[in-house]
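Tertiary structure, described
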Amino acid sequence: MIDVRLYLPRKWMDNKARCDGARIPIEAQRFKTKPELALEVIRHTSALGVRYNWIGADGLYGNDPTFLRALDEQGEVFLIDVHKDQQIYLEDPEPRRVEAVQKRGRKSTRWQSESTPIRVDQWLKQRPESAWKREVLRDGTKGTVTVEILHQRVWLWDGKEAKGHHWYLLVRWEIPALNEIKYSLSNASEEVSSLKLAQMQGQRYWVERSFQDGKSHAGLDHYQARGWKAWHHHMALVMMAMLFMLEERIEQQEDYPLLTCSDIETLLAHFLPRRDIDVDEIIRQMELRHKKRQASIDSPPQRYLWVNNAEGLSYQIELYK
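Residues numbered from 1 in each chain as written. Predicted model: local features only at pLDDT ≥ 70, side-chain atom pairs only at ≥ 80, totals over all residues. Heavy atoms only, no water.

**Some points on the sheet that holds strand 7 (residues 133-140)**
As a general point, the strands of a sheet are linked pairwise by backbone hydrogen bonds and lie either parallel or antiparallel. Convention followed: Two strands pair under a simple rule: DSSP has to find at least two bridges between them. Put simply, DSSP H or I for four residues or longer makes a helix, DSSP E for two residues or longer makes a strand, and each gets a number counted from the N terminus. Axes, fitted as lines to C-alpha atoms, cover a helix only where it is in contact. Angles between the N-to-C directions of the axes lie from 0 to 180 degrees.
In spatial order, the strands read 1-2-10-9-8-7; together these six strands make up an open sheet with mixed pairing. Here the strands that pair on one side only, and so sit at the sheet edges, are strand 1 (55-57) and strand 7. Between one strand and the next, the sheet's axes are offset by a mean angle of 30 degrees, whatever the strand orientation. Note: strand 9 (residues 165-174) against strand 10 (residues 181-186), six bridges, orientation antiparallel. Across the sheet, the residue bridging to valine 171 is tyrosine 183, located in strand 10.

**Some thoughts on helix 9 (residues 228-251)**
Since the α-helix packs 3.6 residues into each turn, any two residues three or four apart lie on the same face. Our working rule: What a helix should span is 1.5 Å times the count of its residues minus one. By the convention used here, residues are in contact when the closest approach between their heavy atoms is within 4.5 Å.
For helix 9, which comprises 24 residues, the first-to-last C-alpha distance of 35 Å matches the rise-based estimate of 34 Å (1.5 Å per residue) to within 8%. Turning to helix 9, the residues buried within the fold contact helix 8 (204-217) and helix 10 (261-271).

**Notes on the packing of aromatic side chains**
Cut-off, in case you're wondering: Only the six-membered ring of Trp is used, alongside the rings of Phe and Tyr, when aromatic pairs are assigned; centres must lie within 6.5 Å, and planes under 30 degrees apart are stacked while those over 60 apart are edge-to-face, with the rest tilted. The criterion is that NZ of a Lys, or CZ of an Arg, lies within 6 Å of the ring centre and within 35 degrees of the ring normal, and then a charge sits over that ring.
Inspection of the entire model under this criterion finds seven aromatic pairs. Between tyrosine 61 and phenylalanine 67, the ring centres sit 5.8 Å apart and the planes meet at 50 degrees, which makes this aromatic pair tilted. Considering the side-chain rings of tyrosine 223 and tryptophan 231, the 6.4 Å spacing of their centres and the 90 degrees angle between planes classify their relative orientation as edge-to-face. Geometry around tyrosine 205 places arginine 138 over its ring, the cationic atom sitting 4.8 Å from the centre. Over the ring of tyrosine 168 we find arginine 153, and its NZ or CZ is 4.7 Å from the ring centre.

**So, a nonpolar patch on the surface**
Test applied: To count toward a patch, a residue needs a relative accessible area over 30% and no salt bridge; like charges are then connected within 9 Å, while nonpolar side chains (Val, Leu, Ile, Met, Phe, Trp, Tyr) are connected within 5 Å. Exposure was quantified through the Shrake-Rupley algorithm and a 1.4 Å probe, taking into account, for residues, occlusion by the shown protein chains and nothing else. Think of a salt bridge as a Lys or Arg side-chain nitrogen and an Asp or Glu carboxyl oxygen that are within 4 Å of each other. Think of it in three bands: residues with accessible area under 20% of the maximum for their type are buried, residues over 50% are exposed, and the middle band is partly exposed, with areas taken using a 1.4 Å probe on protein chains only.
Where nonpolar side chains cluster on the molecular surface, the patch consists of Ile2, Leu48, Val50 and Tyr52 and spans about 380 Å² of accessible area. One can find tyrosine 52 in the loop between helix 3 (34-47) and strand 1. Classification of tyrosine 52 by relative accessible area gives partly exposed; the value is 31%.

**Details of the pairing of strand 9**
Burial analysis of strand 9 places seven of its ten residues in the buried class, which makes it a mostly covered element. Bridge count between strand 8 (residues 143-156) and strand 9: ten bridges; the pairing is antiparallel. Bridge pairing links leucine 156 to histidine 165 in strand 9.

**Notes on the side chain of serine 184**
Heads up, the rule is: N or O atoms within 3.5 Å of each other form a polar contact, as long as, within protein, one can give a hydrogen and the other can take it, and as long as residues adjacent in sequence are counted only when both atoms are side-chain atoms.
Its location among the elements puts serine 184 in strand 10. Here the side chain of serine 184 touches aspartate 81 through a polar contact of 2.7 Å, side chain to side chain.

**A short note on the environment of histidine 44**
Its place among the elements puts histidine 44 in helix 3. Overall, the relative accessible area of 36% leaves histidine 44 in the partly exposed class. In this structure, the C-alpha to C-alpha distance between histidine 44 and aspartate 3, residues 41 residues apart in sequence, is 8.7 Å. With sequence-adjacent residues up to four places away left out, histidine 44 is seen in contact with Asp3 and Arg5.

**A short note on unusual backbone geometry**
Here arginine 23, not a glycine, exhibits a phi torsion of approximately 60 degrees, which is positive. Of note, arginine 23 is situated in the loop between helix 2 (16-21) and helix 3. The backbone of glutamate 94 sits at a positive phi, close to 45 degrees, despite the residue not being glycine. Take glutamate 94: its relative accessible area is 59%, and that puts it in the exposed class.

**Notes on the nonpolar core**
To keep things clear, this is the line we draw: Side-chain atoms within 4.5 Å are what join buried Ala, Val, Leu, Ile, Met, Phe, Trp, Tyr and Cys residues into a set we call a nonpolar core.
With 26 residues, the main nonpolar core has Phe67, Leu71, Ile88, Trp123 and Leu169 as its most contacted residues. Where this core is concerned, the elements lending two or more residues are helix 3, strand 1, helix 5 (65-73), strand 2 (78-82), helix 6 (120-125), strand 8, strand 9 and strand 10. Of all the elements, helix 5 adds the most residues to this core, at four residues. Apart from residues lying up to four places away in sequence, leucine 71 is in contact with Leu39, Ile42, Ile55, Glu76, Phe78 and Ile80. Counting residues in each nonpolar core, the second largest holds 15 residues, with Trp231, Met242, Met245 and Leu267 among its members.

Interpretation note: all reported values are geometric properties and have no functional meaning in isolation.
If you want it as structure tokens, here you go:
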């Protein structure tokens, strides 16, 4: 983690006394949506010279067309999840101006298209099984991470723009999560392969892992701040602690390749003032945990899954063929 923003609901922004009581700066006393705050983070980190290849986000951000278009206008490459009711066009909507006369004689101009949009989940139902493509993304702790994907260039238009956007639609189904299908949009160039798109979508897994480590071992959600500065000070300390743990994992990678934030927390509990056991014992316990993790990694992946049908009968299906 390298940057944060505090989201405050609209009812806070409508209560100046409450904002002043929490010592929120005057310039920050304006309601901002989460996508607006995300744009602030992106612009800030870019101005600092942070290097990255693309931007990923979940459906809350993908559901905001203004956010996606702002990224595209800034020249940022993105692959962002959208909800299953996302509307797409399978051909260029070719918007055209239509003038209408209102009751009082005023003329208004709006955009109109003769093309009909379709929901992404409805589009998926029209795809044949042969359209799915199986790809191996990476090695996981339980074997390879395998996905089935569909991708196609589609058009996006919000009804207000002079032209549509020709972007990728990616549909990803991770085996064996049979009921978990993810839809994503990307403005990546046409030369980007379907495998690369799937890998880009899958990288958000590491973002979620970072949040898990922060909450479990660095106090990310253990704050009771009552003021604007106190919250930001807490987040700064959390990011420093997470940076320390990352550096330790990198430095100790050769001797302890399975070192985790949990291990570092346990080690600190010994080396800091409280010392329950000696250093040899704590290292022995850590190495024992690593042996168990390695055994879990080396164990063969699950090949069968029990499924209940509509009649309540259970049967077994093979996951890999």
